Amino acid sequence: VATIDAPPSFHHDIRRRMLALEAALPGMNLLWVVQVSDCTGASAADVAAAVAQPEALERLAKDGLAKRLSAPRLLAKSSEPAEIRIEAQKENGPDALVVRIEPAPRAGGRAFVVRIESGAEGARTVVSMRVVPGVRGAVAFEAGGRTLVADVLGLSELAQKLLKP
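Now for a description of the structure that goes with this document. (Residues numbered from 1 in each chain as written. Predicted model: local features only at pLDDT ≥ 70, side-chain atom pairs only at ≥ 80, totals over all residues. Heavy atoms only, no water.)

## Looking at the packing of aromatic side chains
Filter applied, for reference: Aromatic pairs are defined between Phe, Tyr and Trp rings, using the six-membered ring for Trp, whenever the two ring centres lie within 6.5 Å; interplanar angles under 30 degrees are classed as stacked, those over 60 as edge-to-face, and all others as tilted. Secondary structure elements are taken from DSSP: a helix is a run of H or I of four residues or more, a strand is a run of E of two residues or more, and numbering for both begins at the N terminus. Under the scheme applied here, a residue whose accessible area is under 20% of the maximum for its type counts as buried, over 50% as exposed, and between as partly exposed, the area being computed with a 1.4 Å probe on protein chains only.
Enumeration over the complete set of coordinates arrives at 1 aromatic pair. Relative to Phe112, the ring of Trp32 lies with its centre 5.2 Å away and its plane at 70°, an arrangement referred to as edge-to-face. Separated by 80 residues along the polypeptide, Trp32 in strand β1 (residues 29-38) and Phe112 in strand β6 (residues 112-119) bring together distant segments of the chain. Among the residues examined, Trp32 registers a relative accessible area of 2% and is labelled buried.

## Quick look at the pairing of strand β7 (residues 125-131)
Cut-off, in case you're wondering: Paired strands, as defined in this entry, are two strands with at least two bridges between them according to DSSP.
Judged by which residues are buried, β7 turns out to be one-sided: Thr125, Val127, Met129 and Val131 face inward and are buried, whereas Val126, Ser128 and Arg130, on the alternate face, are not. By the bridge criterion, 7 bridges tie β6 to β7 in an arrangement that is antiparallel. Considered in β7, the bridge of Ile116 is made with Val127.

## Examining the packing of helix α2 (residues 44-52) against helix α3 (residues 54-62)
To keep it simple, the criterion reads: Axis lines are fitted to C-alpha atoms, over the contacting stretch for helices. Their N-to-C directions set the angle, which ranges from 0 to 180 degrees. With respect to orientation, any angle under 35 degrees is reported as roughly parallel, any angle over 145 as roughly antiparallel, any angle of 65 to 115 as roughly perpendicular, and every other angle as oblique. Crossing handedness: left-handed means the near helix sits turned counterclockwise from the far one by under a right angle, and right-handed means the same turn made clockwise. We call two residues in contact whenever any of their non-hydrogen atoms come within 4.5 Å of each other. Gly is put with the polar residues, along with every residue not named as nonpolar or charged; the nonpolar set is Ala, Val, Leu, Ile, Met, Phe, Trp, Tyr, Cys and Pro, and the charged set is Asp, Glu, Lys and Arg.
Closest axis-to-axis distance for the α2/α3 pair is 5 Å, and the angle between their directions is 130°. In this view, α2 runs oblique relative to α3, as classed from their interaxial angle. Like other packed secondary-structure pairs, α2 and α3 cross with a definite hand, here left-handed. Two secondary-structure elements touch here, α2 through Asp46, Ala49, Ala50 and Ala52 and α3 through Pro54, Ala56, Leu57 and Leu60. Residues of the contact of α2 with α3, tallied by class, amount to 7 nonpolar, no polar and 1 charged.

## Quick word on the nonpolar core
How we decide: Throughout, nonpolar core names a set of buried Ala, Val, Leu, Ile, Met, Phe, Trp, Tyr and Cys residues whose side chains join them through atoms within 4.5 Å.
By size, the foremost hydrophobic cluster in this structure holds 21 residues, and its most contacted members are Trp32, Val114, Ile116 and Val152. Sort the elements by how many residues they give to this core and β1 lands first, with 4 residues. Excluding its chain neighbours within four sequence positions, the residues that come into contact with Val152 are Trp32, Val33, Val34, Val114, Ile116, Met129, Val131, Val135, Arg136 and Gly137. Ranked by size, the runner-up nonpolar core spans 8 residues in total, among them Cys39, Val47, Leu60 and Ala66.

## Regarding α3
The test is simple: Working definition: the arc comes from the directions between the helix axis and the C-beta atoms, pointing outward to the latter.
Along α3, the residues that are buried comprise Ala56, Leu57 and Leu60. For α3, the angular spread of the buried residues around the axis is 100°, confining them to a single face. Seen from the open side of α3, the exposed residues pointing more than 90 degrees away from its buried face are Glu58 and Lys62.

Okay, structure coming up:
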C-alpha cells in the first residue's frame with residue numbers, strides 16, 4: 001500500500017483519470033479460450049477436481065480419462081456479443097458445439113455470460129456461467145450420455161501479449 005502526500009486537487013485528478021481508464025476498458029478486445037473435454041471415464045470426484053483446478057483436468061487427460069473435444073479461441077470486442085459454432089458429422093447425424101459470449105447486463109464490461117450449447121438437433125444441452133476476464137471459469141455437465149467439462153478464460157490482448165514467452 002502506498003500513500004501519496006499531495007493536495008486534494010491532485011487526488012481528484014488521479015480519481016478522474018482512473019474513472020476515464022475504467023470507462024475505456026469495456027471497448028478493449030478479449031481473447032476467449034474455451035476448452036471442452038469429455039471426462040466420461042473419470043469418477044465424479046475427479047470431474048469435480050477438474051472443474052476446480054486446471055491442473056486436475058490436465059492430469060485426467062494425461063491419464064487417459066479425459067479427451068479434449070474442442071479448444072476454440074475467439075477474439076471479440078468486450079462490449080459486443082460473440083459466437084462461434086463448430087460442427088462435426090457423426091454416424092447419427094450432425095453434432096455441434098456453439099459458444100456464445102456476451103457482456104452481462106449491468107456489469108459494465110466486467111463480467112460476461114458464457115453459454116455453451118452441445119449436441120445434435122433435438123437433443124441439445126445448454127449451460128450458462130458468469131465469467132470475469134482473467135479468471136478461469138469451468139463447469140461440468142451431461143450431454144448425449146457423456147460427462148463434459150467446459151473450461152473458459154477471457155484475456156485482454158495486453159494480458160495475452162504479457163503471457164507469451
